[in-house]
Amino acid sequence: MPSILAKSRCLVVKVGSSLVTNEGQGLDTQAIAHWADQIARLKEMGKQVLLVSSGAIAEGMQRLGWKKRPHALHELQAAAAVGQMGLVQVYETCFRKHGLHTAQVLLTHEDLADRARYLNARSTLRTLLALNVIPVINENDTVVTEEIKFGDNDTLGALVTNLVEADALVIMTDQKGLYSADPRKDPHARLIQEARAGDPELEKMAGGAGSAIGRGGMLTKVLAAKRAARSGAHTVIAWGREPDVLVRLAKGELIGTQLLADETNKVAARKKWLADHLQVRGRLVLDAGAVRALVEEGKSLLPIGVVEASGDFGRGEVVACVDEAGREIARGLANYDASETRRILRQPSSRIEAILGYVDEPELIHRDNLVLL
Ligand SMILES: Nc1ncnc2c1ncn2[C@@H]1O[C@H](COP(=O)(O)OP(=O)(O)O)[C@@H](O)[C@H]1O
Ligand SMILES: N[C@@H](CCC(=O)OP(=O)(O)O)C(=O)O
């Protein structure tokens, strides 16, 4: 049974607070350097990697000399803001040695539920990957408190996995994987090597956090795997201090627990997401060439192929694409709002900047955000 990471091209790697901060003793720069070395090797193997790193609060508490985790949310938020500086400094320094740039990306769950922000986050992350930069992602703790209460970067890891449609989510933690029961409490607990993501039995095995630093425990990891599987991504839960864990997994060695997704879900999941979540806000009439490009050639929709736009839609909202006879052929998320669309329709994409004064994407609807009916 080989590791599914061998054939995964795009990975989201999540590292938890207890690992990053050595159980709250301050940032473990050696461990971070070791992950950076491994990620650099994954890049050489042709993989794309995004990092979701916790540890801001734990590092902030250390920097502020706080021995006990405060209860007041605003104090936790302040600690996160202080600690985040340390986190990004260390990541940037470690990756720099490999000639790689990092980028700080702070997100909230709400950002990813909002259509326009979802599109913005997605295109920024994709652009960073295309530029060979390693995004270092954490929650934006200054503006939200819900996440701090639950302390749950596992969910953020899954949301990012869905967002960029990564092939796998790797959750690195302080245990060797998911056990049949919390190994801190049950010495007979056995390691689960492989299971189906979303299997309800897993939720019964997983307990809360075992350390004073980690927050979510195994349950949030199992639920994150379930969520990642919705976009067809597999999840691996492994011990972050296992020597060369990422490289060995990428070479096919089975380490920790792998929770498999049904890959046939990948396209279906996206279609379902579009169908379930979104209301049609506008309508685009496509000329025959654009209809052919979408239906037969699997291409994106460019403004030049649109002859009419109606409705009052914003960037990121769903529009129906109809042919000149009025038959709906596709639905997708518009990259430009209704008034902008009306100004650029029938125009080549190279003219967008001259007309609008800026250019977001050359496509009106990107292929990835388009579902044929
Ligand atoms: N079934 C289980 N298998 C493994 N660990 C478990 C299980 N149930 C609960 N845990 C606890 O979950 C902890 C990992 O979660 P957490 O402390 O939140 O780490 P992180 O900071 O990496 O997210 C482990 O240290 C362990 O005590
Ligand atoms: N965003 C916060 C909290 C995240 C958190 O505790 O997550 P985790 O350690 O992965 O369970 C931080 O960076 O400290």
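Predicted model only: the values in this text are computed from it and were never measured. (Residues numbered from 1 in each chain as written. Chains lettered and ligands numbered in written order. Predicted model: local features only at pLDDT ≥ 70, side-chain atom pairs only at ≥ 80, totals over all residues. Heavy atoms only, no water.)

(A) Region of the structure containing the sheet that holds strand β10 (residues 306-311). If you trace the five strands from one edge of the open sheet to the other, you get β10-β9-β11-β12-β13, paired in mixed fashion. Only two strands of the sheet have a single partner each, and these edge strands are β10 and β13 (370-372). The average angle at which neighbouring strand axes cross in this sheet is 25°, direction not considered. (Pairing = 2+ DSSP bridges. Helix = DSSP H or I, 4+ residues; strand = E, 2+ residues; numbered from the N terminus. Axes fitted to C-alpha atoms, helices over the stretch in contact; angles between N-to-C directions.)

(B) Seen up close, unusual backbone geometry. The phi angle at Asn-132 is positive, at roughly 70°, despite the residue not being glycine. Relative to the assigned elements, Asn-132 resides in the loop between α6 (115-130) and β4 (134-139). For Asn-132, a relative accessible area of 41% corresponds to the partly exposed category. A positive phi angle, close to 55°, is found at Glu-165, a residue other than glycine. Along the chain, Glu-165 turns up in the loop between α8 (153-164) and β5 (168-173). (Buried < 20%, exposed > 50% of the residue type's maximum accessible area, 1.4 Å probe, protein only.)

(C) Here's a closer look at α6. The first and last C-alpha atoms of α6 sit 22 Å apart over 16 residues, in line with the 22 Å expected at 1.5 Å per residue. Residues of α6 that are buried: Tyr-118, Leu-119, Ala-121, Arg-122, Leu-125, Leu-128 and Leu-129. Downstream of α6 by one or two residues, Asn-132 has phi in the positive range, about 70°. (Expected span 1.5 Å × (residues − 1).)

(D) Here's a closer look at the UniProt feature "binding site: substrate" (unreviewed entry) in the protein. On the UniProt side, "binding site: substrate" (unreviewed entry) is annotated at positions that read Ser-54, Asp-141 and Asn-153 here. Taken together, the annotated residues stretch across 100 residues yet fold into one region, lying no more than 11.1 Å apart by C-alpha. With respect to the helices and strands, Asp-141 occurs in the loop between β4 and α7 (146-150). Asp-141 sits in the buried class, given a relative accessible area of 6%. (UniProt positions renumbered as here; feature names shortened; annotations may be inferred.)

(E) Molecular detail of the domain arrangement of the protein. Each domain of the protein was delimited in the assignment, giving domain 1 (4-271) and domain 2 (280-372). Inter-centroid distance (C-alpha atoms) of domain 1 to domain 2 is 35 Å. Of the roughly 880 Å² buried where domain 1 meets domain 2, counting both sides, 46% is carbon and sulfur surface. Between Asp-368 and Arg-122 there is a salt bridge, with its nearest N and O atoms 3.7 Å apart. Of all the secondary structure elements, the ones that give two or more residues to the side of domain 1 that touches domain 2 are α6 and α12 (265-277). (Domains from an automatic or database assignment. Buried area = accessible area lost by both parts, 1.4 Å probe. Salt bridge = Lys/Arg side-chain N within 4 Å of Asp/Glu carboxyl O.)

(F) Highlighting the pattern of salt bridges. Counted under the stated rule, the structure contains 23 salt bridges. As a salt-bridge pair, Lys-204 and Glu-201 come within 2.9 Å of each other at their nearest N and O atoms. Remark: Glu-201 and Lys-204 occur in helix α9 (residues 200-205); sequence separation between them is three residues, near one turn of the helix. Among the residues examined, Glu-201 registers a relative accessible area of 42% and is labelled partly exposed. Salt-bridge contacts for Arg-331 lead to Glu-328; the nearest nitrogen and oxygen are separated by 2.7 Å. Owing to a relative accessible area of 32%, Arg-331 belongs among the partly exposed residues under this scheme.

(G) View of the environment of Arg-331. Positionally, Arg-331 belongs in strand β12 (residues 328-333). Residues Arg-331 and Val-280 lie 51 residues apart in sequence; the distance between their C-alpha atoms is 8.1 Å. Within polar-contact distance, the side chain of Arg-331 engages the side chain of Glu-328 at 2.7 Å. (Polar contact = N/O pair within 3.5 Å; in protein donor to acceptor, adjacent residues only side chain to side chain.)

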